[in-house]
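Observations on the model geometry
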Amino acid sequence: EEFKEIPKPNLYLNTPKSKEYKQPWCMLQERNTGTVWVGAQMGLLQLVNPETKVLENHRLPVFRNSTIRSISQDSEDNIWFTTQRGDLIRYQAGQPIENASFELIREFNGFAFAHLVDNSGRVWVCTTDSGVFILDSKTGEIIRHLDDKVLSSNKQEKITQLNDSIFVFGYDLLNVYNVNS
């Protein structure tokens, strides 16, 4: 299904005027419902219904007032988040949007700039000072830790997957990691 454009003036018409409501960092359009999840400053989570153009603002304690830096969806439709505080959080698919439906999976030392749920269901978390962590999405256990012995540095900011290769962009270089290695 094609993404439906939502005119910005209509979308933010009834939102408070404070800056965190106008500083989105990331977004994801959910596969099944088309709902757009927007992560913003100070832990603000916004949900946009593209059909009704209704914007819901949620301030949930699980985000601990920390900027939501990345959002993704796994194969079971759970929604994953990383925060500037370094938290990895999972929303259980199909549950109401309330704090009890979100689980703090792991706290990392430093910012968690980006993450990726790969084709095998593993969660890769890029940090500012500890490299990349690969976690089992079911248990939250760390499967592997990639640091500056494998990567160009411990500061890794962006990540994407192409086939069986993971591309991680650090402060200084592009790193390529083959998941079958």
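Coordinates for the structure precede this section.
Going along each chain's sequence as written, the residues are numbered from 1 onward. Residues qualify for local features only when their pLDDT is at least 70, as the model is predicted, and side-chain atom pairs are given and counted only at 80 or more; totals for whole chains, interfaces and linings, by contrast, use all residues. The side-chain quantities take in all heavy atoms of the structure and omit both hydrogens and water.

Where helices and strands are cited, they refer to DSSP runs of H or I of at least four residues and of E of at least two residues respectively, numbered from the N terminus. The helix and strand inventory of the protein chain stands at 1 helix and 15 strands. Think of it in three bands: residues with accessible area under 20% of the maximum for their type are buried, residues over 50% are exposed, and the middle band is partly exposed, with areas taken using a 1.4 Å probe on protein chains only. Per-residue burial over the protein chain gives 50% buried out of 181 residues. When contacts within the protein chain are restricted to residue pairs at least 6 apart in sequence, those whose partners lie at least 24 apart make up 40%. Split by element, the accessible area of the protein chain, about 9,600 Å² in all, is 48% carbon and sulfur. Residue contacts are counted whenever heavy atoms from the two residues lie within 4.5 Å of one another. Residue-level accessible areas treat just the shown protein chains as cover; the underlying method is Shrake-Rupley with a 1.4 Å probe.

One finds Trp37, Leu45, Phe63, Ile71, Phe81 and Phe102 to be the most contacted residues of the largest nonpolar core, which totals 15 residues. When contributions to this core are tallied by element, the ones reaching two or more residues are strand 1 (24-29), strand 3 (44-49), strand 5 (68-73), strand 6 (79-83) and strand 7 (87-91). Residue contacts for leucine 45: discarding those within four places in its chain leaves Trp37, Val38, Glu56, Asn57, His58, Leu60, Phe63, Ile68, Phe81 and Phe102. Take the buried residues of types Ala, Val, Leu, Ile, Met, Phe, Trp, Tyr and Cys, join any two whose side-chain atoms come within 4.5 Å, and each joined set is a nonpolar core. Of all hydrophobic cores here, the second largest spans 14 residues; its members include Leu116, Ile166, Val168 and Val179.

The strands making up a sheet are joined through hydrogen bonds of the backbone, oriented either antiparallel or parallel. A pair of strands is treated as paired once DSSP finds two or more bridges between them. Read from one edge of the open sheet, 4 strands run 1-2-3-4, paired in antiparallel fashion. Two strands close off the open sheet at either side, each with one partner strand: strand 1 and strand 4 (54-59). The sheet shows a mean angle of 20° between the axes of neighbouring strands, direction not considered. Two strands pair when backbone bridges link them, and strand 3 and strand 4 are joined in this way by 6 bridges, in the antiparallel orientation. Bridged to asparagine 49 within strand 4 is valine 54. As a rule, the C-alpha atoms of each element are fitted with a line to give its axis, helices using only the stretch in contact, and angles between N-to-C directions run from 0 to 180 degrees.

Pairing is antiparallel across the open sheet formed by 4 strands, whose spatial order is 5-6-7-8. Every other strand in the sheet has two partners, leaving strand 5 and strand 8 (102-107) as the edge strands with one partner each. Neighbour-to-neighbour, the strand axes of the sheet open up by a mean angle of 20°, direction not taken into account.

Following the sequence through the fold, glycine 140 ends up in the loop between strand 11 (132-136) and strand 12 (142-146). Excluding residues that lie within four positions of it along the chain, glycine 140 makes contacts with Ile105, Arg106 and Leu135.

Think of it this way: a Phe, Tyr or Trp ring, Trp meaning its six-membered ring, pairs with another when their centres are within 6.5 Å, and the plane angle makes it stacked under 30 degrees, edge-to-face over 60, tilted otherwise. What the rule picks out here adds up to 9 aromatic pairs. The interplanar angle of 40° and the centroid separation of 4.8 Å between the aromatic rings of phenylalanine 108 and phenylalanine 133 together place this pair among those described as tilted. Residue phenylalanine 108 is found in the loop between strand 8 and strand 9 (112-117), and its partner phenylalanine 133 is found in strand 11; the two are separated by 25 residues along the sequence. As far as the burial class goes, phenylalanine 108 and phenylalanine 133 line up, both buried. Residues phenylalanine 111 and phenylalanine 113 carry aromatic rings whose centres are separated by 5.6 Å and whose planes lie at 70° to one another, so their mutual orientation is edge-to-face. Under the relative-accessibility criterion, phenylalanine 113 is labelled buried at 14%. Taken together, the ring pairs connect Trp37, Phe63, Phe81, Tyr91 and Phe102 into an aromatic cluster. Here, over-ring charges are defined by two tests on the NZ atom of lysine or the CZ atom of arginine: distance to the ring centre within 6 Å, and angle to the ring normal within 35 degrees. Positioned above the aromatic ring of tryptophan 25, the side-chain terminus of arginine 69 is 4.1 Å from the ring centre.

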